[in-house]
Protein chains: 2
Amino acid sequence: MNGELRSGEVAEAAGVNPQTLRYYERRGLLAEPPRSLGGHRLYPPESVTVLRTIKAAQRLGFTLGEVAELLDLGRRHAHRPGLATRARAKLAEVESRIADLATIAATLRTAIGSGCDDLATCAADPACPIPFADR
Amino acid sequence: MNGELRSGEVAEAAGVNPQTLRYYERRGLLAEPPRSLGGHRLYPPESVTVLRTIKAAQRLGFTLGEVAELLDLGRRHAHRPGLATRARAKLAEVESRIADLATIAATLRTAIGSGCDDLATCAADPACPIPFADR
DNA sequence: TTGCAACCGGTACCCGGGTACGGGGTTAAC
DNA sequence: GTTAACCCCGTACCCGGGTACCGGTTGCAA
């Protein structure tokens, strides 16, 4: 009897909504825990760490699907090094997203600097720097 | 009779799915056009410009709700200058998003550099640079 | 005039990441 | 032994930005 936790306690400790535990279980991110005689989930304390791990990976930009894969990869110890490779790919994604946003920011700055005051007017004005053309 | 367009033609010209026209109409982005006797929408050619304008604003990071507001603002000519103010606010949003992503990218680089190979292992290792702590 | 493409409205579904609700069963403190 | 708080499961809903499907009209050209 090593301090099993009830779902509400785990959720509280990990800073997560209790419903989220069941959701992660359905998504395969959190192993199905043992149950009490009455059917209540009884989590080992390590579950809190798993939840924190999931949240950390999410903050790094991984989707829940990718997090599931990363956790699985670690468990099955296949194809190492897995995390580093995926982190590199994710970094490339993030950098590309930053580049896109930088372009957007630059366009916004140009639009602000050129005194555009009305979208409809700008769309009709060939001198407007907002790129109305498709693709 | 100045070349009214049918929905498919407008969609084609603006590079948009025909369903999207009805969707934008529901969202208040595209005015309800006149109809033929049989009930088919007959768009004035300007609608294509409106659609391109919407798409341009979307590319600048505005949501459809915000685009609706911007178009409305221009039509009602209230509270000028509206676009510039909103563009500045959007620029701040975009810059903040870039800053977030820069932090994420930096963390990913650190994780890659420190040879993390498995999420579960890292979570247990106090020397791991991935921020597992909440908030 | 006939035949088929295009259009109509309404509704349902997709993605991701959850959250809420409702009716019933369990646990634990008093 | 009561009672409140918790938990169960299934299902529906939220956000944003569309897309797909349906059966039933219309438009237009050959």
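Quick note: structure is the one above.
Residues numbered from 1 in each chain as written. Chains lettered and ligands numbered in written order. Predicted model: local features only at pLDDT ≥ 70, side-chain atom pairs only at ≥ 80, totals over all residues. Heavy atoms only, no water.

Novice: Before we move on, could you go through the protein's contact with DNA strand D and cite the residues and values that matter?
Specialist: Within the structure, DNA strand D sits among 20 residues, and Gly8 of chain A together with Gln19, Thr20, Ser36 and Gln58 of chain B are positioned closest to it. Contacts to DNA strand D include Tyr23 of chain B, whose side-chain N or O atom sits 3.5 Å from a base nitrogen. A distance of 3.1 Å separates a phosphate oxygen of DNA strand D from a polar atom in the backbone of Gly38 of chain B. Where the surface near DNA strand D is concerned, the elements lending two or more residues are α1 (7-14) of chain A together with α2 (18-27) and α3 (46-59) of chain B. At 4 residues, the largest contribution of residues to the surface near DNA strand D is made by α2 of chain B. (Near = heavy atom within 4 Å. Polar contact = N/O pair within 3.5 Å; in protein donor to acceptor, adjacent residues only side chain to side chain. Helix = DSSP H or I, 4+ residues; strand = E, 2+ residues; numbered from the N terminus.)

Novice: Describe the nonpolar core, naming the residues involved and giving the relevant values.
Specialist: If you look at the biggest cluster of nonpolar residues, it comprises 78 residues, and the most contacted ones within it are Ile130 of chain A together with Ile130 of chain B. Each residue touching Ile130 of chain B, except ones within four places of it in the same chain, is listed here: Ala56 and Leu60 of chain A together with Ala111, Cys116 and Leu119 of chain B. (Core = buried A, V, L, I, M, F, W, Y, C linked by side-chain atoms within 4.5 Å. Buried < 20%, exposed > 50% of the residue type's maximum accessible area, 1.4 Å probe, protein only. Contact = heavy atoms within 4.5 Å.)

Novice: Break down the packing of aromatic side chains for me, with residues and values.
Specialist: All names here are of chain A. By the definition in use, this model includes 2 aromatic pairs over all chains. Ring centres of Tyr23 and Tyr24 lie 6.0 Å apart, and the angle between their planes is 40°; on these two criteria the pair is classed as tilted. Residue class for Tyr23 comes out partly exposed when judged on its relative accessible area of 32%. (Phe/Tyr/Trp six-rings, centres within 6.5 Å; stacked < 30°, edge-to-face > 60°.)

Novice: Can you tell me about the protein's contact with DNA strand C, naming the residues and giving the values?
Specialist: Around DNA strand C there are 20 residues in total, and Thr20, Ser36 and Gln58 of chain A together with Gly8 and Arg35 of chain B lie nearest to it. Protein-adjacent atoms of DNA strand C, using a 4 Å cutoff, are sugar or phosphate at a proportion of 74%. Here a phosphate oxygen of DNA strand C and a side-chain polar atom of Lys55 of chain A are 3.1 Å apart. Between a base oxygen of DNA strand C and a side-chain N or O atom of Arg22 of chain B, the distance comes to 3.1 Å. Where the surface near DNA strand C is concerned, the elements lending two or more residues are α2 (18-27) and α3 (46-59) of chain A together with α1 (7-14) of chain B.

Novice: Before we move on, could you go through the pattern of salt bridges and cite the residues and values that matter?
Specialist: Residue and element names in this part refer to chain A. This structure, assessed with the given rule, holds 14 salt bridges over all chains. Among the salt bridges present, the one from Glu69 reaches Arg86, with a minimum N-O distance of 2.5 Å. With Glu69 in helix α4 (residues 64-76) and Arg86 in helix α5 (residues 82-113), the pair connects residues that are 17 residues apart, well separated along the chain. The class of Arg86 is partly exposed, set by a relative accessible area of 31%. Among the ionic contacts, a cluster of salt bridges with common partners joins Glu66, Lys90 and Glu93. (Salt bridge = Lys/Arg side-chain N within 4 Å of Asp/Glu carboxyl O.)

Novice: Break down the environment of Ala89 of chain A for me, citing the residues and quoting the values.
Specialist: Residues and elements named next belong to chain A. Mapped onto the elements, Ala89 comes out in helix α5. Given a relative accessible area of 44%, Ala89 falls into the partly exposed group. For the pair Ala89 and Gly39, spaced 50 residues apart in the sequence, the C-alpha separation amounts to 41 Å.

Shape descriptors only; they carry no functional weight alone.
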